[in-house]
Amino acid sequence: MKIQILDIEGKKTKEMTTSLFEEPIREDLIFKIIEAQRIKQPYRPKQYAGMDRSASGNVLHTRHDWKTDRGKGVSRFPKKTMWRRGTQFSWVGAIIPSVKGGRRAHPPHGEIKFKKINKKELQKAILSALTYISSVEEIKKKYHSLENKKIEIKLPLVVEDKILKLKSKDFFKMLKNILGNLYEISIQKKSVRAGIGKMRGRRNKKNAGLLLVIGKEEKIKISGIDVVNANKLKIADLADGGARLTMFTENAIKELEGLKK
């Protein structure tokens, strides 16, 4: 297929032929690989949750020793001392799952082992993901604010390599020229999460925003969007939670052509 190369003003300068965006969309394969490559569990408890207190060792379980729980009519689980008056103690259960403030019994693990993936299956999934993000209908499904809007730009978005030399102010001006009514969803915005999630390591939430794919030797430093080199591109970058708004540099497309070989 032929794709347009856009300049800073959002106008077509030339065309290039590529077969990157012609693979049939296989959502089942895309999401299977994303799940297999996931290495962090987003809903895990914070590290040492329920265990950040001194309890083990405060109460001895030997029969004839001072500072034990024998003869006190209390169960034999870890406790923390609330107050002590001579040989008299006030204990509260701690650490174990069955007490107040203790750890969870079987929480999701923080790190997940990377699962092995068939090479041909991975290659097919990446090419399928590229077609997936070039579909206007799939983009609308991810960004609910676009449901009733008409998207006039042609996907995929490919721009000249010159944009990498722009300053931040000029870069965002260029984005406005190219994206039009999609500009609002292209900029990342951070806000404080509502509810108890902010106590569990998920205090802030951020929208996905635009993903800019550049060549492996290219560099750009800019905030407000995500940037990834073509040789480090993952399916999760493109399609985690739906088709993501993505822009490619001309050089990145040439490097990604190697996926077809």
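Structure's up top.
Residues numbered from 1 in each chain as written. Predicted model: local features only at pLDDT ≥ 70, side-chain atom pairs only at ≥ 80, totals over all residues. Heavy atoms only, no water.

## Remarks on the packing of aromatic side chains
Here is the rule we go by: Pairing of aromatic side chains requires ring centres within 6.5 Å, counting the rings of Phe and Tyr and the six-membered ring of Trp. Pairs whose planes differ by under 30 degrees are stacked, by over 60 edge-to-face, and all others tilted. For a ring to carry a charge above it, either NZ of a lysine or CZ of an arginine must fall within 6 Å of the ring centroid while also lying within 35 degrees of the normal to the ring plane.
Per the stated rule, a full pass over the model turns up three aromatic pairs. The ring of Trp83 is capped by Arg85, whose NZ or CZ atom sits 4.5 Å from the centre of that ring. Sitting over the ring of Tyr143, Lys142 keeps its end group 5.9 Å from the ring centre.

## A short note on the nonpolar core
For clarity, the cut-off: We call a set of buried Ala, Val, Leu, Ile, Met, Phe, Trp, Tyr and Cys residues a nonpolar core when their side-chain atoms join them within 4.5 Å. A 1.4 Å probe rolled over the protein chains alone gives each residue an accessible area, and that area as a share of the maximum for its type sets the label: buried under 20%, exposed over 50%, partly exposed in between. Secondary structure elements follow DSSP: runs of H or I of four or more residues count as helices, runs of E of two or more count as strands, with numbering from the N terminus. Here, two residues are considered to be in contact whenever any of their heavy atoms come within 4.5 Å of each other.
Of all hydrophobic cores here, the largest spans 59 residues; its most connected members are Leu157, Phe171, Leu175, Leu179, Met247 and Phe248. For this core, the element with the highest residue contribution is helix H2 (residues 119–133), accounting for seven residues. In this view, Leu179 contacts Ile153, Leu157, Ser186, Leu245 and Met247; residues no more than four positions away in its chain are not counted.

## Some remarks on the pattern of salt bridges
Selection criterion: A side-chain nitrogen of Lys or Arg and a carboxyl oxygen of Asp or Glu constitute a salt bridge if their distance falls within 4 Å.
Here the structure, examined in full by the defined rule, presents 11 salt bridges. Taking the shortest distance from any N to any O, the salt bridge between Asp28 and Arg26 comes out at 3.0 Å. Using a relative accessible area of 34% as the deciding quantity, one classes Arg26 as partly exposed. Through salt bridges with shared partners, a single network forms among Lys14, Glu250 and Lys254.

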